[in-house]
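# Coordinate inspection notes
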Amino acid sequence: MRAAGEYGIVEDYVGHGIGSEMHMDPPVPNYGRPGRGPVLAEGMALAIEPLLVLGGPNTRLLDDGWTVVSEDGGWSAHFEHTVAITPDGPWVLTASTGPPAGVLAADRVIVRAPAMDRNPAG
């Protein structure tokens, strides 16, 4: 039970690095203890993908091999943003606000997310 109500954080699916492939290291979980995940470094691009459910956190994959639903039939929500770590700070690539001050969109091309050796879930 959380202050905003009873909901679950789905741990079976996590965000990920993104670049020359769709799913790359490091894994980016939506849970864990602060300060225990991978160290963010310039040049990384990360897909941050929280998946929340009202009710229990268990899910099941439908026969189409793509659709995920909550096991108990509760409401769920999935969001995704892609963030690039630049010399001037994080840049939410999927936001409509544009790059951080001093960064031109054409100046930065993120081509890989380096593998990290720390456990992001901690």
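Up top is the structure these notes are about.
Treat the numbers as computed from the prediction; the structure is a model and nothing was measured. (Residues numbered from 1 in each chain as written. Predicted model: local features only at pLDDT ≥ 70, side-chain atom pairs only at ≥ 80, totals over all residues. Heavy atoms only, no water.)

### Quick notes on the sheet that holds strand 8 (residues 76–78)
Pairing in this open sheet of 3 strands is antiparallel, and the strands run 1-5-8 from one edge to the other. In this open sheet, the two edge strands, each paired with only one partner strand, are strand 1 (7–9) and strand 8. On average, adjacent strands in this sheet sit at an angle of 20° to one another, irrespective of strand direction. As paired elements, strand 5 (residues 51–54) and strand 8 share 3 bridges and run antiparallel to each other. Each bridged residue has a counterpart across the sheet, and for Leu 51 the counterpart in strand 8 is His 78. (Pairing = 2+ DSSP bridges. Helix = DSSP H or I, 4+ residues; strand = E, 2+ residues; numbered from the N terminus. Axes fitted to C-alpha atoms, helices over the stretch in contact; angles between N-to-C directions.)

### Things to note about the layout of surface pockets
When its volume is computed, the largest pocket comes out at roughly 500 Å³. Taken together, 15 residues line the largest pocket, and the ones lying closest to its centre are Tyr 13, Glu 49, Trp 66, Val 68 and His 78. Breaking the lining of the largest pocket down by element, the ones donating at least two residues are strand 2 (15–17) and strand 8. Its volume calculated, the second largest pocket comes out at about 250 Å³. For the second largest pocket, the lining is made up of 18 residues, of which Val 28, Pro 29, Gly 37, Pro 38 and Leu 40 are closest to its centre. Sorting the residues of the lining of the second largest pocket by element identifies strand 3 (24–28), strand 4 (45–48) and strand 9 (81–86) as the ones contributing at least two each. By residue number, the principal contributor to the lining of the second largest pocket is strand 3, which donates 3 residues. The residue makeup of the lining of the second largest pocket, split by class, is 14 nonpolar, 2 polar and 2 charged. (1 Å grid on protein atoms, 1.4 Å probe; cavity = no way out; pocket = protein on both sides within 12 Å on 5 of 7 lines; lining within 4 Å. Points joined across faces, edges and corners; volume = space filled by probe spheres on them. Nonpolar A, V, L, I, M, F, W, Y, C, P; charged D, E, K, R; others polar.)

### Examining the side chain of Thr 86
Counting through the fold element by element, Thr 86 comes out in strand 9. The exposure class of Thr 86 is buried, given its relative accessible area of 5%. Separated by 2.6 Å, the side chain of Thr 86 and the backbone oxygen of Gly 89 make a polar contact. (Buried < 20%, exposed > 50% of the residue type's maximum accessible area, 1.4 Å probe, protein only. Polar contact = N/O pair within 3.5 Å; in protein donor to acceptor, adjacent residues only side chain to side chain.)

### Section: the sheet that holds strand 2
With respect to topology, 5 strands assemble into an open sheet ordered 3-2-4-9-10, the strand pairing being antiparallel. Unpaired on one side and paired on the other, strand 3 and strand 10 (89–92) mark the two borders of the sheet. When the angles between neighbouring strand axes are averaged without regard to direction, this sheet yields 25°. Relative to strand 4, strand 2 is paired through 2 bridges, and the arrangement is antiparallel. Within strand 4, the residue paired with Gly 17 across the bridge is Leu 46.

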